[in-house]
Amino acid sequence: MATSLLFPSPTSSFDYYRVNQVFINLHIGHCQRGIMCSSVYLQSQKGICKLYMIPVRHFRWEPFVTLSSVETGRNPRKYRASSVPTLQDSERSETLLGSSSSTFDGMSDFEIQLQELFNEVKMMIKTGNENDAVDLLQANYEAVKEQIEAGARGIEVVALLDIIALGYMALGDLNIVDSVLDTMDGLLDHIKDGEPLLDSILIHVASMYSTLGNFKKSILLYQRVTEIWECKYGKNSAFLLTSLLGMAKALGSAGRVTKAVETYNRSIIILETSRGAESEDLVVPLFGLGNLLIKEGRAAEAESIFVRVLKIYSKLYGDTDGRVGMVMCSLARAKCAKGNAVEAIDLYKRALQVIKDANYMALDDSIMENMRIELAELLHVVGRGKEGRELLEECLFITEKYKGKEHPSSVTHLLNLSASCSRAKNFVEAERLLRTALEIMMKAVGPEDQSITFPMLDLAVTLYQLNRDEEAEELALKALHIREKAFGKDSLPVGEALDCLASIQVRLGRDNTDLLDLLNRILRIQERELGFESEEIIVTLQKILVYLDKLGRKNETFALQRRLSLLTRKYQQAIRY
């Protein structure tokens, strides 16, 4: 087989990095706590333009009931935590998670202290005094640990730990959150279900476990609080919705789809019974269920659910309300998942216009930007790249207008535009865009940060397409060294850089033995990280066989050829069925 067929372009066999983006956590913006990058791909076929989404805030500081504080001094280095007070016997106020109350009516002195601590930490974070918040939380954490060591095991200790965990969650310090939750774990088992505050604490802890990806513990805690509320309010009470919806989301994330769908449907039935079949309250569980069904490939069911939500909002607010536009976007995703790309494009366009006309959100809002990117990507999928590029140019224009021409947020749009230009074979413009993106990122994070390797490798690929192979090799080598230092020599990001480098060095005519060593290194990384039977290994095996043949080492090819044949047959059968 000709070498040119095996090396069509750099990074060809490592395209899965574009999907997972496990290593890129800053290619667009400031290093903010609680920020993550995500990429949403609407197409199923390979080899088409893949675009990057705007970072979205992963953690939200929500107002919780029955929360927080201890009296402290103003000097951040002199915070002192009071001893945990005794919980009064008075009944707590009956409010649901997510409600916000400005009064302390019906709350015990201890609950008022908790609320004050919560408010103080929240205010410190809001005003940028994160160090003060850390000092306050740490002082209280050390104090409560001392009391646990002294034998304290009551609800007061657990409640204070709950506040501390919520505070660290808001700061984005997940390691300490995990540590605090571990401390709480054994204590919660010994708290009786009838204790005041326990239900709120269980909801908070379940939510935090879910955020940390520990869905098993999250589900167990949601089940416990659901049982508590079932005994208190009945099995069909609307008070159960907080725990049921949290549990449904955790079940879906844990892959227990049947149980998740069942839990969402239970929530929907409770709301229909208590508030009517057209109640706006139905929107939350319907959205959760619809998104889960799309994720599971049940697009037709999801479509009918989003149609129902659309009818609810249209009836309540009219067809020109911004909420209607948001639902139309979800419906467009469902239609896209069904394969109705043209209908999806029409819905996206109408939705964006409705949201814009209603002034429902700012033009530079990250959600609005991501919807434009999703539409642009879909336009590329159906071959309407020019329209897609116009949308991406609009995204770049809006970001530069509101944040400045060299703001790191513009990097996402520069990368997307460069991908679009490359798809249209306009590699000169793609190079310009990538150099601009790389320059912005280097100013933002420095020349050795791993995040700059993303536009750096894309630029290497573009230079390869322009037959400027020496420059491409230099960039690929630099990206490789940065990633080796950041992630380790056997990591997936390093594998991508190696694959890009190997493709470039083939055309440069580098030593065949060195190239074979590179390919064997890539194969080892793929086997370790993706499994011995992953589809990506097929291309790498093909390349290795070519170089073994070139070097006259045919005795080494038989086992590899057999393995390649088995893998090829396996994936051909998978496509057939």
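Looking only at helices and strands, one finds 24 helices and two strands in the protein. Counting all 577 residues of the protein, 51% fall into the buried class. Carbon and sulfur atoms make up 49% of the accessible area of the protein, which totals about 26,900 Å².

Before going further, it helps to examine unusual backbone geometry. Its identity is not glycine, yet Lys425 carries a phi of approximately 65 degrees, on the positive side. Here Lys425 lies in the loop between helix H17 (410–423) and helix H18 (427–445). In this model, Asn467 sits at a positive phi of 65 degrees, which is unusual for a non-glycine residue. With respect to the secondary-structure elements, Asn467 resides in the loop between helix H19 (453–465) and helix H20 (469–487).

Here we come to the packing of H18 against H19. A packed helix pair is summarised by two numbers, namely the angle formed by the two axes and the spacing between the axes. Contact geometry of H18 with H19 gives a least axis separation of 9 Å together with a crossing angle of 155 degrees. In terms of orientation, H18 and H19 fall into the roughly antiparallel class. The crossing of H18 and H19 is left-handed. Of the residues in H19, those in contact with Phe427, Ala430, Glu431, Leu434, Arg435, Leu438 and Met441 of H18 are Pro455, Met456, Asp458, Leu459, Thr462, Leu463 and Gln465.

What follows concerns the nonpolar core. Core analysis: the largest hydrophobic core is formed by 160 residues, its most contacted members being Leu161, Ile201 and Val205. For this core, the element with the most residues is helix H5 (residues 155–171), which contributes 13 residues. With residues up to four places along the chain from it excluded, the contact list for Ile201 reads Ile155, Val158, Ala159, Asp162, Met184 and Leu188.

Moving on, we come to the confidence of the model for the protein. Across the protein, the average pLDDT comes to 82, with 81% of residues at or above 70. In this model, residues 1–9 is a region of pLDDT below 50 whose contacts with residues beyond four sequence positions or in other chains number 21 contacts. Segment residues 11–49 is flagged for pLDDT under 50; beyond a separation of four residues in sequence, or across chains, it makes 128 contacts in the model.

Before going further, it helps to spend a moment on helix H4 (residues 130–149). In a regular helix each residue adds 1.5 Å, so 20 residues correspond to 28 Å; H4 covers 28 Å between its end C-alpha atoms and thus fits that length. For H4, every residue scored as buried is listed here: Asp132, Ala133, Asp135, Leu136, Leu137, Ala139, Asn140, Tyr141, Ala143, Val144, Gln147 and Ile148. Check the buried side of H4 and you find it contacts helix H3 (109–126), H5 and helix H6 (174–188). Directly beyond the C-terminal end of H4, a positive phi value near 110 degrees is found at Gly151.

Within this structure, the stated rule accounts for 36 salt bridges. Its salt-bridge partner being Lys145, residue Glu142 comes within 3.5 Å of it at the nearest N-O pair. With Glu142 and Lys145 both in helix H4 and three residues apart, the pair spans about one turn of that helix. In this structure Glu142 comes out as partly exposed when scored by relative accessible area, which is 34%.

Conventions adopted
The written sequence of each chain sets the order in which its residues are numbered from 1. For a predicted model such as this one, the threshold for reporting local features is a pLDDT of at least 70, and the threshold for listing and counting side-chain atom pairs is 80 or more; totals across whole chains, interfaces and linings nevertheless cover every residue. To obtain the side-chain values, all non-hydrogen atoms of the structure were included, while hydrogens and water were left out. The helix count covers DSSP runs of H or I at least four residues long, the strand count covers runs of E at least two residues long, and both are numbered beginning at the N terminus. Think of it in three bands: with a 1.4 Å probe and only protein chains considered, a residue is buried below 20% of the maximum accessible area for its type, exposed above 50%, and partly exposed in between. Note on areas: these come from Shrake-Rupley sampling with a 1.4 Å probe, and a residue is covered only by the protein chains present in the view. Axis definition: a line fitted to C-alpha atoms, over the contacting stretch in the case of helices. Angles run 0 to 180 degrees between N-to-C directions. Oblique is the label for every angle not falling under 35 degrees (roughly parallel), over 145 degrees (roughly antiparallel), or within 65 to 115 degrees (roughly perpendicular). Crossing handedness: left-handed means the near helix sits turned counterclockwise from the far one by under a right angle, and right-handed means the same turn made clockwise. In what follows, residue pairs with any heavy atoms lying within 4.5 Å of each other are defined as contacts. For this analysis, a nonpolar core means a set of buried residues of the types Ala, Val, Leu, Ile, Met, Phe, Trp, Tyr and Cys, connected via side-chain atoms within 4.5 Å. pLDDT is defined as a per-residue confidence score from the predictor, taking values between 0 and 100. A helix's residues, less one, multiplied by 1.5 Å, set its expected span. Salt bridge, as applied in this entry: a Lys or Arg side-chain nitrogen positioned within 4 Å of an Asp or Glu carboxyl oxygen.

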